[in-house]
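# Per-entry structural report
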Amino acid sequence: MASQLVDRLREAIVSGRLEAGSKINLERARERFGVSLSPLREALARLISDGLVVFEDNRGYRVAPVSPANLAEITQLREEFEVLALRQAIALGTIDWEGDVMRALHRLNRVERDPGQPETLERWESYHREFHLTLIAGCRMPLLLKFCGVLLTLNDRYRRTFLRRVPGGDRNVAQEHGEIAQGAVARDADFACARLREHIHRTGTNLQRHLAAAAVP
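Rules behind the numbers
- Residues numbered from 1 in each chain as written.
- Predicted model: local features only at pLDDT ≥ 70, side-chain atom pairs only at ≥ 80, totals over all residues.
- Heavy atoms only, no water.
- Helix = DSSP H or I, 4+ residues; strand = E, 2+ residues; numbered from the N terminus.
- Buried < 20%, exposed > 50% of the residue type's maximum accessible area, 1.4 Å probe, protein only.
- Polar contact = N/O pair within 3.5 Å; in protein donor to acceptor, adjacent residues only side chain to side chain.
- Contact = heavy atoms within 4.5 Å.
- Axes fitted to C-alpha atoms, helices over the stretch in contact; angles between N-to-C directions.
- Parallel < 35°, antiparallel > 145°, perpendicular 65-115°, else oblique.
- Left-handed = near helix turned anticlockwise from the far one by under 90°.
- Nonpolar A, V, L, I, M, F, W, Y, C, P; charged D, E, K, R; others polar.
- Pairing = 2+ DSSP bridges.

What follows is about the side chain of His177. Relative to the helices and strands, His177 is located in helix α8 (residues 173-185). With a relative accessible area of 1%, His177 lands in the buried category. Of note is the side chain of His177, whose polar atom sits 3.3 Å from the side chain of His199. Ignoring anything within four residues of it in the chain, the contact list for His177 reads Leu105, Leu108, Trp124, His128, Phe131, His132 and His199.

Written out as structure tokens, the structure is:
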């Protein structure tokens, strides 16, 4: 029950349904998710370790706030960790890994994002996460994969909140994903890693701009 609750709470936070900095009232949350306090507290503790929830003495649980500094740190760490994981995956990944990468890319490219249809956004988000994690899955470094997964979740929270209305903007995101995947399965580590770093950095830069605009009264 706690694991299912973690997933539901994580999605509520990452999607923005639970707003950054907002107080998490335990009684209301217990009623909303239909659980007792024990699994709720366990779930919140796990989300604290993931950086999505904070606990403050005398104030209780809150959704972790957002800030330019936090976003910059997430972006920098993603660039370093995911590029390292991708380079290792290219060196060690099997033929099955190559197939998994191309299948994940195909599924992602088959989904159209329409802001007027929330279900298409949710499906794209699921396939987008799958693509990025599949890309590095061949690195054979479980701790690194865990860190990358946490960072991707933290980054998705910013992206889904501040780029909700402009999913692509002036970028050809599908082309960026395609170049990374093609370079990876061709075992061109320098090309694929450079494209991945650019992809993550460009997203971070766009998010910083939208975050700054949202802060203007």
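Picking up after the structure, the text goes on.
So, about the packing of α8 against helix α9 (residues 189-215). Between α8 and α9, the least distance of the axes is 8 Å, while the angle of their chain directions is 150°. In this view, α8 runs roughly antiparallel relative to α9, as classed from their interaxial angle. Read as a crossing pair, α8 and α9 show a hand that is left-handed. The segment α8 lies against α9, with Val173, Glu176, His177, Glu179, Ile180, Gly183 and Ala184 engaging Phe191, Ala192, Arg195, Leu196, His199 and Arg202. When the residues that make up the contact of α8 with α9 are grouped by side-chain class, the tally is six nonpolar, three polar and four charged.

Here the focus is the pairing of strand β1 (residues 53-56). In this sheet, strand β2 (residues 60-63) lies alongside β1 in antiparallel orientation, the contact comprising four bridges. Bridging from a neighbouring strand, Val54 pairs with Arg62 of β2.

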